[in-house]
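Single-letter residue listing:
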Amino acid sequence: MITISGVSHSFGGVHALDGIDLEVGEHEFVAVIGRSGCGKSTLLRLVAGLLSPSAGEILVAGSPVTRPRGDVSVMFQRPALLPWRTVLANVLLPAEVLGLGDQRDRAHELLELAGLGGFEKRLPHELSGGMQQRVSLCRSLIQSPRVMLVDEPFSALDAITRTELSEELQRVQLARPRAVVFVTHSIDEAVLLADRIVVLSPRPGRIHRVVEVDLPRPRALGQVELDEVSRELRGLLATA
Amino acid sequence: MRAALPVLGLLAIIGLWWLATIVFGIEPLLVPSPADVVVSFLELPGYLLEQTLITLWEAVSGFALSIVIGVPLALLIVGSSVLERMFYPLLVALNAVPKVAIAPIVVVWFGFGISSKVLMVVLVCIFPIVISTASGMKSTPGELVELFRSLDATRTHEFFKLRLWHALPQIFVGLKVSITLAVIGAVIGEFVGADAGLGYVITVSGGSADTSLAFAAMALLAVISVALFYLLTWAERKLVPWSEEHRVL
């Protein structure tokens, strides 16, 4: 679904990414981890079409990425909800902007599944941080994207809420698998969710190693098998 | 209790004023007592209310016109850096000119009627509206702009579904500044040349040494200003419930 070949990126004299090659399958969940400043968010923005690579090429569903597109959704670090819109209207925003027609039934369904039934008419500031990020998740699903790009979506949340939302994301992916690129610096989240984990080394960002996580789903945080993979990753990150 | 406090404050000031006129034996010609002012009003209630409505109408229509011109102007300024560089300094310069200095020319151009007053109101009101709208739109958080970009949103979407909405709380700040200026603008216009309105009443009564009538007119001006200001504050609460502004004010 996503083909990244020979992608490098630099801006303002900073060499952020160098020679990235990566394939992401149609139903594959790929996590990208690395220290801060290793260019993982840049990689995500390149796939999203928010940035253009200095060299190399990115294909999504066979066509080169030149600008943001409707079948690719992005979920950001912070919920980025519009404070004047109700929860429902926020979820419907991509449908409006992309001209997808009336998606109200689908929005209600998504909110219901995310445990936000009954909150449709609320404004974002009336919700907790975790609930806001759930709304953001529903919003990134409304357009039925083929590719989901997720940028450290839980980094601003407390540990318990993080766990809940990671499990939520796992549920979403199990219910309807998509191509997902999930940028994080949490090893545990990566192991919980990903089919493959890409470890980036910093300055310039290069692929240090790719780790397959061949464990049955659903997985749960704290599972012994996950800890083994986590340990391996910790070692890899230390040498990255 | 909270609602009673402003009334209490007002009564205290009126009481002090009354006391001062009695204790110091001030000539009613210089400072009339509150009672003199009320008597003046009661002698001509119909006439004074009519003049109040004229000034109110000038202020409100000039204010409305300022919104109709000012907001699109801000959109153009935010939308095009070329237009911004061409016209923003001019706008600042226009605002720097004392409006009292322009008033006589405006009256020469537009006559003694209402249109010269409305133009004066627009001249004083438009600047805060343009500035607050433009800066509100420009201060849209980067993450929201990026969200719209990730949806490949058009510029029209970005402006009307994002930036203008985000600017609304700040626009209201500009509107609240403008509405009080609007009444001042109308009165300046009436001072310079008019045959009606509260400003005209003040000029005429000043000329005939009827100080208490002038005070009555000033009190009516204050009432209009306060009423318009709180009407806007109320509208803001209704229209911008997500704003943090009225949690402070």
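Residues numbered from 1 in each chain as written. Chains lettered and ligands numbered in written order. Predicted model: local features only at pLDDT ≥ 70, side-chain atom pairs only at ≥ 80, totals over all residues. Heavy atoms only, no water.

*Asks:* Got a sec to walk through the pairing of strand S2 (residues 14–24) of chain A? Specific residues and values, please.
*Replies:* Sheet topology places strand S1 (residues 2–11) of chain A next to S2 of chain A; 7 bridges connect them, and they run antiparallel. Looking at S2 of chain A, one finds that Thr3 of chain A is bridged to Glu23 of chain A. (Pairing = 2+ DSSP bridges. Helix = DSSP H or I, 4+ residues; strand = E, 2+ residues; numbered from the N terminus.)

*Asks:* Give me the lowdown on the nonpolar core, citing residues and values where you can.
*Replies:* Within the largest apolar cluster, 88 residues are counted, with the highest numbers of intra-cluster contacts made by Ile2, Ile4 and Leu149 of chain A together with Phe63 and Phe148 of chain B. Residues within four places of Leu149 of chain A in sequence aside, it is in contact with Leu44, Val47, Ala48, Val72, Ser73, Val74, Met75 and Val181 of chain A. Ala31, Met148, Val150 and Leu237 of chain A belong to the second largest nonpolar core, which has 45 residues in total. (Core = buried A, V, L, I, M, F, W, Y, C linked by side-chain atoms within 4.5 Å. Buried < 20%, exposed > 50% of the residue type's maximum accessible area, 1.4 Å probe, protein only. Contact = heavy atoms within 4.5 Å.)

*Asks:* Please set out the sheet that holds S1 of chain A residue by residue, giving values where relevant.
*Replies:* Residues and elements named next belong to chain A. Pairing within the open sheet is antiparallel, and its 4 strands lie in the order S2-S1-S4-S5. Whereas interior strands pair on both sides, the edge strands pair on one side only; in this sheet they are S2 and strand S5 (63–64). Packing of helix H1 (residues 40–48) onto the sheet brings it into contact with S1, S2 and strand S4 (55–60), and relative to S1 it is tilted by some 120°. (Axes fitted to C-alpha atoms, helices over the stretch in contact; angles between N-to-C directions.)

*Asks:* Lay out the environment of Val106 of chain B with the relevant residues and their values.
*Replies:* Residues and elements named next belong to chain B. Of note, Val106 is situated in helix H5 (residues 99–110). Classification of Val106 as buried rests on a relative accessible area of 1%. The spatial distance from the C-alpha of Val106 to the C-alpha of Val192 is 9.4 Å, given a sequence separation of 86 residues. Not counting residues within four places of it along the chain, the set of residues in contact with Val106 comprises Gly111, Ser116, Leu119, Met120 and Leu123.

Any functional reading would require information beyond the geometric quantities listed.
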